[in-house]
Amino acid sequence: GGGEEEAEEYLFKVVIVGDSAVGKSNLLSRYARNEFDPHSKATIGVEFQTQSMAIEGKEVKAQIWDTAGQDRFRAVTSAYYRGAFGALVVYDVSRRSTFDSVARWLDELNTYNSDSTVAKMLVGNKCDLSAIREVSIEEGKRFAETEGLFFMETSALNCTNVKTAFEIVIKEIY
Ligand code: GTP
Ligand code: MG
């Protein structure tokens, strides 16, 4: 084979998981379109966006999948995780229950995608809400270290670390 038009192209699937209302959809819309919706509705089923970035002069595309945190709105779980090379596991720093759920999301990820090469980032979103914080940065960091995950606190509202969080995962895959 080897035709001239066979361009080098990379397309990686990345999934976002976490409890309802932690800000998964707004992290994605902030990253892909620089948009934030203060009144966003709960996701039903699955949505995705494709976003490109340049790594070492090559165009790398990430197909980023976003699904519902609420069980009753979720689509077929196995299809969601299949073929993913990266994952953002998101909690809300102002709601401890969402941090307590992280272990369950990791279990699900490992059940449906046992590929150990999945690059995983633990994301403490809504770091703008420091006045009502329930999970400290240290706690997030410690958990991530124990589980072998990257870690970052983000705010989809004020843009803190959103691009960085996605791009660390995408670069790690690449
Ligand atoms: P599901 O689709 O139900 O799983 O929820 P989700 O995780 O996609 O949450 P979504 O992005 O819809 O955000 C839920 C609420 O949190 C919305 O009112 C957002 O405006 C708000 N929100 C999202 N990110 C942030 C953030 O970084 N800071 C603050 N203060 N609010 C945020
Ligand atoms: Mg959503």
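Conventions used here
- Residues numbered from 1 in each chain as written.
- Chains lettered and ligands numbered in written order.
- Predicted model: local features only at pLDDT ≥ 70, side-chain atom pairs only at ≥ 80, totals over all residues.
- Heavy atoms only, no water.
- Near = heavy atom within 4 Å.
- Polar contact = N/O pair within 3.5 Å; in protein donor to acceptor, adjacent residues only side chain to side chain.
- Areas by Shrake-Rupley, 256 points an atom, 1.4 Å probe, with all protein chains shown as cover.
- Nonpolar A, V, L, I, M, F, W, Y, C, P; charged D, E, K, R; others polar.
- Phe/Tyr/Trp six-rings, centres within 6.5 Å; stacked < 30°, edge-to-face > 60°.
- Helix = DSSP H or I, 4+ residues; strand = E, 2+ residues; numbered from the N terminus.
- Buried < 20%, exposed > 50% of the residue type's maximum accessible area, 1.4 Å probe, protein only.
- Lys NZ or Arg CZ within 6 Å of the ring centre and 35° of its normal.

Visitor: Explain the site of ligand 1 to me, and be specific about the residues and the numbers.
Guide: What surrounds ligand 1 is a group of 23 residues, the closest being Ser20, Lys24, Ser40, Gly69 and Asp128. In this structure, an oxygen atom belonging to ligand 1 sits 2.7 Å away from a side-chain N or O atom of Ser40. Note that an oxygen atom of ligand 1 is positioned 3.5 Å from one of the side-chain N or O atoms of Ser155. Protein coverage of the free-state accessible area of ligand 1, which is 660 Å², stands at 89%. Classifying every residue of the shell around ligand 1 gives nine nonpolar, nine polar and five charged.

Visitor: Describe the packing of aromatic side chains, and please don't skip the residues or the numbers.
Guide: Evaluated as defined, the whole model comprises eight aromatic pairs. When the ring of Phe48 is compared with that of Trp65, the centres are 5.4 Å apart and the planes differ by 20°; the resulting orientation is stacked. Placement of the pair is Phe48 in strand β2 (residues 46-55) and Trp65 in strand β3 (residues 58-67), with a sequence separation of 17 residues. On the basis of relative accessible area, Phe48 is assigned to the partly exposed category, the value being 45%. Of the residues examined, Trp65 reaches a relative accessible area of 17% and is grouped as buried. Aromatic side chains Trp65 and Tyr80 sit 6.0 Å apart centroid to centroid with 70° between the ring planes, which places their arrangement in the edge-to-face category. Residue Trp65 is located in strand β3, and its partner Tyr80 is located in helix α2 (residues 77-81); the two are separated by 15 residues in the primary sequence. An identical accessibility class is assigned to Trp65 and Tyr80; each is buried. Site record: aromatic cluster; members linked through ring pairs are Phe48, Trp65, Tyr80, Tyr81 and Tyr112. Across from the ring centre of Trp65, 3.7 Å away, lies the NZ or CZ of Lys13, which sits over that ring. Its guanidinium or amino end placed over the ring of Trp105, Arg104 lies 5.1 Å from that ring's centre, counting from NZ or CZ.

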